Amino acid sequence: FPYHLAASPNGRLFYTLDLGGRGSHIPGKNRTHLALALLGDFSHHGPLDPQLCAAGLGLAVLWRETGRFLPIDPHFALAPATHTTACPGYHWPVWAPHLMNMLVFHGSH
């Protein structure tokens, strides 16, 4: 599995690849970036609260384990022009603030 963590629609967070391991998620950035995947197709809608909660926990874990406030960018913003993708869907600007709220919640507890 090419991602370090995966958040499922039912609110579970899966640790899928050692944080020191090289993923295969963004061409040219696999050695320098960590990846958290939200499982599903968000072409027409964003993830629901249980999944966002799991993803927020995943981000808090990544920040804690690395000791850094890592940037949070959608795949389409990081992918090179030769590997275009819509992932995680163009509704990202609508649901990204909810993800940040979940991150803040987990980071404060």
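Above this text sits the structure in question.
Draft legend 1. Examining the nonpolar core more closely. In terms of nonpolar packing, the biggest core is built from 18 residues, with L36, L38, L52, A55, W95 and L99 touching the most fellow members. If you list the elements that add at least two residues to this core, you get strand 1 (5–7), strand 3 (36–38), helix 1 (49–66) and helix 3 (92–107).

Draft legend 2. Highlighting the packing of helix 1 against helix 3. Helix 3 packs onto helix 1 with a crossing angle of 55° between their chain directions and a minimal axis gap of 8 Å. Between helix 1 and helix 3, the interaxial angle falls into the category oblique. Taken as a pair, helix 1 and helix 3 cross one another with a handedness that is right-handed. On helix 3, the residues touching D49, L52, C53, A55, G56, L57, L59, A60 and W63 of helix 1 are W95, H98, L99, M100, M102, L103, H106 and G107.

Draft legend 3. Seen up close, the side chain of H75. By the secondary structure assignment, H75 is in helix 2 (residues 75–78). Given a relative accessible area of 19%, H75 falls into the buried group. Excluding residues within four positions of it along the chain, H75 makes contact with H25, I26, T85, C87 and P88.

Draft legend 4. Local environment of the pattern of salt bridges. Applying the stated criterion across every chain yields a total of one salt bridge. We note a salt bridge from E65 to R64, for which the minimum N-O separation is 2.5 Å. When its relative accessible area of 67% is taken as the criterion, R64 is described as exposed.

Draft legend 5. Fine view of the sheet that holds strand 2 (residues 13–15). Read from one edge of the open sheet, three strands run 2-1-3, paired in mixed fashion. Of all the strands in the sheet, the pair left with one neighbour each is strand 2 and strand 3. Adjacent strand axes in the sheet meet at a mean angle of 20° when their direction is disregarded. Where strand 1 meets strand 2, three bridges bridge the pair, whose relative direction is antiparallel. Counted as the bridge partner of L5 is Y15 from strand 2. Packing of helix 1 onto the sheet brings it into contact with strand 1, strand 2 and strand 3, and relative to strand 3 it is tilted by some 180°.

Thresholds, definitions, all that
Residues numbered from 1 in each chain as written. Predicted model: local features only at pLDDT ≥ 70, side-chain atom pairs only at ≥ 80, totals over all residues. Heavy atoms only, no water. Core = buried A, V, L, I, M, F, W, Y, C linked by side-chain atoms within 4.5 Å. Buried < 20%, exposed > 50% of the residue type's maximum accessible area, 1.4 Å probe, protein only. Helix = DSSP H or I, 4+ residues; strand = E, 2+ residues; numbered from the N terminus. Axes fitted to C-alpha atoms, helices over the stretch in contact; angles between N-to-C directions. Parallel < 35°, antiparallel > 145°, perpendicular 65-115°, else oblique. Left-handed = near helix turned anticlockwise from the far one by under 90°. Contact = heavy atoms within 4.5 Å. Salt bridge = Lys/Arg side-chain N within 4 Å of Asp/Glu carboxyl O. Pairing = 2+ DSSP bridges.

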